[in-house]
Every structure is written in structure tokens, then in C-alpha cells.
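Below, each chain spelled out in residue letters.
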Amino acid sequence: MIALDIKTFIQGLPKAELHVHVEGTLEPEMMFALAARNRIPLDFDSVEALRQAYEFTNLQSFLDIYYAGARVLRKAKDFDDLAWAYLEKAHAQNVRHVEIFFDPQTHTTRGISFGTVMTGLCRALARARETLGLSAHLIMCFLRHLSPGDALQTLLQAQPYRKHITAVGLDSSEAGYPPKLFTDVFARAREGGFLTVAHAGEEGPPDYIRQALALLKVARTDHGVRCLEDEALVRDLRRKQVPLTVCPLSNVKLKVFESLARHNVKALIDSDLCVTINSDDPAYFGGYINENFLAICKAFGLTHQDLQRLSQNAFRAAFIGKDLRQHYLNELDRYARRYI
Ligand code: ADE
Ligand code: ZN
């Protein structure tokens, strides 16, 4: 056994990221570069001024800035550059497998075609598989502040790209937009062979998590942190080992918890839930996956074994086949045996 300090251990830990929005990886520097390339005016004079605006009071205050930022994305190359920059960072942080959310409606509502988005993203993912050895999938999210009819149109637009999209998800403003509104479109998606996930219990009540499980038949819940308010739900999530894709720095930035010390991730872990650690919108929230791991380690004094467990959970929860899963779990096992 070779003792490693926790930061070095996290850096080398083989990881899977299951909750990252590609539009949320748009760093201010790239936003300015793409704005100049595409001649799009920005509301900020400098990268520094933009960064300073990243003080959010809740989910909606973030989404307003996030959707405005996405306006600089216009051509397939823009989506390629964006996804590629994230994939290189993920690779540098020893992420082995990634499932990337994208929000087609954020772009199609601005007149950018579904095909433009897919061409760019697929190019970057293919290059990452070939040159970085990463496994990488796409999850298409429906914006819940738009209508279920709009979501259905988006599902139909995705048909030609079916083999490039692993699952569908549900994101954007949560309160007031319960999962049950999307029951039919999710049923259609499942009939079409898509797996399903949904953001639920980030700002919304535990009942939204119940709805996502019962009506949308999700394989994982994104965030899900408010489940602890409902004991029966926690029992159910534990018994079924439903993975929760928890995003600690996001939750603090969006004031779901007032500080990291007040975050419930340790309580979720201690409740024997299948917790995974993720970055959500790293360009806006001050850290990628390793910074999220490190932040909770510092806040809660997690052990090397705890971190191994969190990474194991993510590989177990990933939408990959049996052999690849075993390959990653074996690699993680070798790493843990060497350094724990
Ligand atoms: N879209 C991007 N980030 C999100 C989040 N944290 N919650 C809901 N929708 C999102
Ligand atoms: Zn999210």
C-alpha cells in the first residue's frame, strides 16, 4: 500500500461522470471567443465581468444566465469545440466514462437545427473515444418549462440520431413543472428504446422524485437531494438502489444548501443510498468532478474507502454493458488495492 494524500488520490481515481450539461461547460473565455467568431453581442464587457455575474440566488437566476450564454453556440464546430474542451478536461481528471446532457430546445428555439447540434457533439465524442480512450454517451434533455408537446416534437427530431443518444432526461426550472406532465412523452421515448432519467428533488419536493420513478420510470434521479424529507421514499430508493447523481458545488451555488457544511451528501451516503458525485454545470459553479469530490472530502472528512465507493456507484449506475462495466470496476479495484 502506498499512502496518497486525498487530493492526489482523487486525481488518480478512475471515475464516471453521469451529470454534466454540455452547455454548462461553456467557460467565459470560450463564450467570448465564440461570441467574436459568430458576431454575437454579449451583455458583459470582459471575462472578469461575466464571471462576477455568477452569483446566483436560486436555480432560475442561474438558468437565465446559462440560456443567454448558450446564444453564442451557432455552428456544428461551436458544439464540437465546446464538447471537446470538456472531454479533454474530464480525461485530464481521470474520468473514464461520461454521459453528457444536452438541451436541444435551447438551440432549436433559436433557429439552430437539431442536426447542427448533433453533428458537432458527435464529432467531439467520436474523437474522445478514439484519441482519449474515453467512453462517452449523450443524454437528450427536455426543457420542462416548455410544453410536453414541444418535448414530443424534439423526440421526433431525434429519430434520425437515435443510435447516438442513449437516454432522455428532464431539466430546467423545476418548481411548478412536475414530472407527471411528461408521462406520455417519456413513454414514447421508452417505446423508442431510450433509457430515462430526470432532474427531480433539486428544488422541487420529494413527490417529484416519486413521480419520476413511478411515471417516467427513470433509471436514475438527477440530484434527488430532497428525498431525505420523505422517509418512505428513502427506504424505497435504498431498497432499489436508485442512483442519485448528486452535484455538491452546484447545490451550494444555487442555494439549495447554504454552505457545503450544510449539504446532505454525507447523510445520503450514511443512508446507504447509491450516491454518485458530479459537476452539473462546472463552468458556472467553480469546479469539475475532482473539485466536487475534494470539496465534500474537506467538508465531511470522507475516507479513501468512501471515495472508492462513490466511484464504484457511478460505474454501477452508468449506461454501459456488462463487460465494460466490469473492466472499469476492475481498474478501480486495482487502484484502491494499491493506494488504500
Ligand atoms: N440545466 C442545467 N443545469 C441545471 C440544473 N442544475 N437544474 C435544472 N436544469 C439545469
Ligand atoms: Zn443538472
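Let me sum up the structure you'll find in this document.

Criteria and cut-off values
- Residues numbered from 1 in each chain as written.
- Chains lettered and ligands numbered in written order.
- Predicted model: local features only at pLDDT ≥ 70, side-chain atom pairs only at ≥ 80, totals over all residues.
- Heavy atoms only, no water.
- Axes fitted to C-alpha atoms, helices over the stretch in contact; angles between N-to-C directions.
- Helix = DSSP H or I, 4+ residues; strand = E, 2+ residues; numbered from the N terminus.
- Parallel < 35°, antiparallel > 145°, perpendicular 65-115°, else oblique.
- Left-handed = near helix turned anticlockwise from the far one by under 90°.
- Contact = heavy atoms within 4.5 Å.
- Nonpolar A, V, L, I, M, F, W, Y, C, P; charged D, E, K, R; others polar.
- Near = heavy atom within 4 Å.
- Polar contact = N/O pair within 3.5 Å; in protein donor to acceptor, adjacent residues only side chain to side chain.
- Buried < 20%, exposed > 50% of the residue type's maximum accessible area, 1.4 Å probe, protein only.
- Arc of directions from axis to C-beta.
- Donors = N, O, S within 2.8 Å, 3.2 Å for Na, K, Ca; no water.
- Tetrahedral: all angles 85-135°; square planar, octahedral: opposite > 155°, others 65-115°.
- Pairing = 2+ DSSP bridges.
- Right-handed = clockwise from strand over helix to strand, strands pointing away.
- Disulfide = S-S within 2.5 Å.

What follows concerns the packing of helix α2 (residues 28–38) against helix α5 (residues 76–92). The description of two helices packed together rests on the angle between their axes and the distance between the axes. Put simply, α2 and α5 touch, their axes get as near as 12 Å, and they point 165° apart. The pairing of α2 with α5 is recorded here as roughly antiparallel in orientation. Relative to α5, α2 is oriented so that their crossing is right-handed. Contacts from M30, L34, R37 and N38 of α2 reach α5 at K77, D78, D81, L82 and A85. A class-by-class count of the residues in the contact of α2 with α5 yields four nonpolar, one polar and four charged.

All residues adjacent to ligand 1 are H21, L59, F62, L63, Y66, D171, S172, H199, E202, H223, D280 and D281. With respect to ligand 1, the side chain of H21 contributes an N or O atom lying 3.4 Å from a nitrogen atom. Between ligand 1 and the protein, one listed contact pairs a nitrogen atom with a side-chain N or O atom of D280 at 2.7 Å. Per-element tally for the shell around ligand 1: the top contributor is helix α4 (residues 59–69), with four residues.

Regarding α2, the residues found buried are P28, M30, M31, L34, A35 and N38. The buried side chains of α2 occupy one side of the element, clustering within an arc of 155° when seen end-on. Elements in contact with the buried residues of α2: α3 (47–52), α4, α5 and α14 (282–285). After α2 finishes, the residue R39 shows a positive phi value of roughly 55°.

Bringing the coordination of the zinc ion (ligand 2) into the picture now. Around the zinc ion (ligand 2), the protein supplies H19 (NE2), H21 (NE2), H199 (NE2) and D280 (OD) as donor atoms, at distances of 2.1 to 2.2 Å. Classification of the site at the zinc ion (ligand 2) as irregular follows from its four donor atoms and the range of 83 to 173° in their angles at the metal. For the zinc ion (ligand 2), the donor residues sit on a single chain with the sequence spacing H-x1-H-x177-H-x80-D. Note that H19 is positioned in strand β1 (residues 15–21) and H199 in strand β5 (residues 195–200), a separation of 180 residues in sequence. Across this residue pair, the class does not change: H19 and H199 are buried.

Of all five residues making up strand β4 (residues 167–171), five are buried, and the element is well covered by its neighbours. Summarising the sheet, strand β3 (residues 135–143) and β4 pair through five bridges and their orientation is parallel. Among the inter-strand pairings, F142 is bridged to a residue of β4, identified as L170. For the crossover from β3 across helix α8 (residues 148–157) to β4, the handedness is right-handed. Direction of pairing for β4 relative to β5: parallel, over a ladder of two bridges. Counterpart to V168 in the pairing with β5 is T196.

Within the fold, R51 resides in helix α3. Residue R51 is classed as partly exposed on the basis of its relative accessible area, which comes to 38%. Between the C-alpha atoms of R51 and E27, which are 24 residues apart in sequence, the distance is 9.2 Å. For R51, the residues in contact, after removing those within four places along its chain, are E27, P28 and E29. A polar contact of 3.4 Å, which involves the side chain of R51, links it to the side chain of E27.

This next bit is on the sheet that holds strand β6 (residues 220–223). Note on sheets: strands pair through backbone hydrogen bonds, and any given pair is parallel or antiparallel. Read from one edge to the other, the open sheet built from eight strands follows the order β1-β2-β3-β4-β5-β6-β7-β8, with strand pairing classed as parallel. Both edges of this open sheet fall to β1 and β8 (274–277), since each of them pairs with a single strand only. Adjacent strand axes in the sheet meet at a mean angle of 25°, parallel and antiparallel pairs treated alike.

Where two cysteines share a covalent bond between their sulfur atoms, that bond is called a disulfide. The tally for this structure, following the rule as stated, stands at zero disulfides. Considering cysteine sulfurs only, C141 is the nearest to C247, which forms no disulfide, with 12 Å between them. With a relative accessible area of 0%, C247 lands in the buried category. The structure places no disulfide on C274, whose sulfur is separated from the nearest cysteine sulfur, that of C227, by 12 Å. A relative accessible area of 5% places C274 in the buried class.

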